[in-house]
Amino acid sequence: MNGMPKYLNRILALVVVIVFYFCGVFEVFSGWGMSKPVQVSFVILLIGATLWITEAIPLFVTSLLILFLGKTWLLGVLREGGVKISETVFLGPFFSNIILLFLGGFVISSALHRYKIDEDLARRIITKTGNSIPMMIAGIMGITAFLSMWLSNTATAAMMLALCIPIINSLPADDRYRKAILLSIPFSANIGGMGTPIGTPPNAIAIQYMQKAGIAPSFLKWMILGVPSVIGMLVIMWFVIMFFFRGTSKGIVQEFKPLKTVYSRRAKLVIAISLVTVALWITEPIHKLSSGTVALIPVLLFFGVGFLKINDLRALSWDVLLIMGGGLCLGEIISAGGLSNWLVARLPVDQGSFFMLAVVLGVVSCFMSTLMSNTATANLIMPIVMGMGLSQVSPVLVGVAFSCSLAMSLPISTPPNALAFSTGEISVKDMLRPGLIGTIIGIVLTFTAGWWWWKIIGLY
Amino acid sequence: MELHRQQCQKCNSYNMRNLLVRVPSKPQAVFVRCAECNEFVARYKLSDYYHHGKGAESYMRSHGSGAADSGRRILKEFSKVVGDAEKEFAEVMEQFKKEGKAE
């Protein structure tokens, strides 16, 4: 994994990027029937893919590079060809409704974390289920997944790990439950992300593309299609973890002291504002306010009344928002440059192969997400899905989003996996066996039971 | 490199106790108290706290990181933090020995 020195990785990526750039400049792909704008958008896609896959530069820098190339290169080529296009087409994705939605999610997460409301909830569950370790693991998985539906998967996993490491250390050194508890946290954080539009960036990216196609599910509808998957996968992963890591200890004596911060008036208001925001997200079809607009409410209130300070604003994960914006910008580049039309004309996609195509894209996304960032994978795969001209794009996009979350077999697959691995308590093999089984079962279920369920609730 | 051992201004003891203070949205602070006479000795603020032997989750939490996007990058960066900290500590101890300040 770390075999290649960082500088070599960078140099190789830089060489590939330069080669792609000159391929675009000298119109090398003309023989494939590509016009100049199509070639430019194709080259920008290749450059983005190279840099996102190799992570030679930070992921958000790649996003900004895509914007830069779109504004300085594709825009000029299009205008030369007489196309009237505003540069806001490429700028817009960086401050779209979906970015606002995620911003709201981050702010709620920051407020809940600041007043330790997330931690208090987790402590209560662990205290209540601690008499039996299998039950406690079920409790840990349930609360981790629930929190990661609303907070970032990484922040949830970091908080839960910090809470559970003293419990793990209280168990005998050879007890396999130590590994079971440790693995239950990243797996359930990854799975929980599927449950809401703000659970993980690939969900939001899928929704943004569906919105563009005029078929986006509401916040509630996404939950109806995502929460059953979360519950089903949690149950399966509990059995998988128990199968591999059933230990000997009976229970733990862990009485957490109540956290004073949770009982302050401010903390109660934070809970109330967060619940109202969630309620407004869920009732979007009634009041017609977009979820992005609703997401501004906690931002305005928490910062407006001083519950959160300027330093909290600075500490938000702006890089994740930029990565998402870059992916959506790439989608605009592919569409504006005509690459999507070029793809539609050449790919032999019909209704007969529609399901198989979704399965193939899901498996490819899962494979890519196992080795690279989930968001970067969604950024690369989803614009291509949109470019295929499918009559039913929604289930394919949802399938890709879920497949990204289900990739959890390696320490590098997701940040929660990396955090659990960094404790030194588990080996790659410990994570690989249950993670791979969970991933395979998850993909099979997504494209069988999930596919059937999505049709029942009217996704397609 | 300039090295100093912290010494109590009241009883001249070198035996110190560090009290780590973490307040959300503020830089972490360390208050140094003399372990012999309990005198307040010093306060300093941290920009890159790392507790050796604890995992990346501890490091991330102490830096207030929320969402992250790449497991690969987290592992790489944390491994660099650990490596740098160990190397710097070894250098400091070497220098300490040279200056005859080691206990």
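Anything mentioned here points back to the structure above.
Residues numbered from 1 in each chain as written. Chains lettered and ligands numbered in written order. Predicted model: local features only at pLDDT ≥ 70, side-chain atom pairs only at ≥ 80, totals over all residues. Heavy atoms only, no water.

Trainee: Explain the packing of aromatic side chains to me, and be specific about the residues and the numbers.
Mentor: Residues and elements named next belong to chain A. Scanning the entire structure with this criterion turns up 24 aromatic pairs over all chains. Measuring from ring centre to ring centre gives 5.6 Å for F102 and F106, while their planes differ by 90°; the resulting arrangement is edge-to-face. Here the residue F102 and the residue F106 both occupy positions in helix 5 (residues 97-114), the gap between them amounting to four residues, near one helical turn. For F106, a relative accessible area of 9% gives the class buried. Between F302 and F307, the ring centres sit 6.4 Å apart and the planes meet at 25°, which makes this aromatic pair stacked. Given a relative accessible area of 0%, F302 falls into the buried group. (Phe/Tyr/Trp six-rings, centres within 6.5 Å; stacked < 30°, edge-to-face > 60°. Helix = DSSP H or I, 4+ residues; strand = E, 2+ residues; numbered from the N terminus. Buried < 20%, exposed > 50% of the residue type's maximum accessible area, 1.4 Å probe, protein only.)

Trainee: Help me get a handle on a nonpolar patch on the surface, residues and values and all.
Mentor: Together, L14(A), I18(A), Y21(A), F22(A), V25(A), F26(A) and V28(A) give the surface a local cluster of nonpolar side chains, amounting to about 650 Å² of exposed area. In this fold, F22(A) is placed in helix 1 (residues 6-25). (Patch = residues over 30% accessible without salt bridge, like charges linked within 9 Å, V, L, I, M, F, W, Y side chains within 5 Å. Areas by Shrake-Rupley, 256 points an atom, 1.4 Å probe, with all protein chains shown as cover. Salt bridge = Lys/Arg side-chain N within 4 Å of Asp/Glu carboxyl O.)

Trainee: Tell me about the sheet that holds strand 2 (residues 29-34) of chain B, residues and numbers included.
Mentor: Residues and elements named next belong to chain B. With respect to topology, three strands assemble into an open sheet ordered 1-2-3, the strand pairing being antiparallel. Because the sheet does not close on itself, it has two edges, and the strands there are strand 1 (16-21) and strand 3 (40-45). Sheet twist, expressed as the mean angle between neighbouring strand axes with direction ignored, is 20°. (Pairing = 2+ DSSP bridges. Axes fitted to C-alpha atoms, helices over the stretch in contact; angles between N-to-C directions.)

Trainee: Please set out the pairing of strand 2 of chain B residue by residue, giving values where relevant.
Mentor: All names here are of chain B. In this sheet, strand 2 lies alongside strand 1 in antiparallel orientation, the contact comprising six bridges. Bridge pairing in strand 2 links V21 to A29. Here strand 2 pairs with strand 3 via five bridges, running antiparallel. By the bridge assignment, R33 is partnered in strand 3 with F40.

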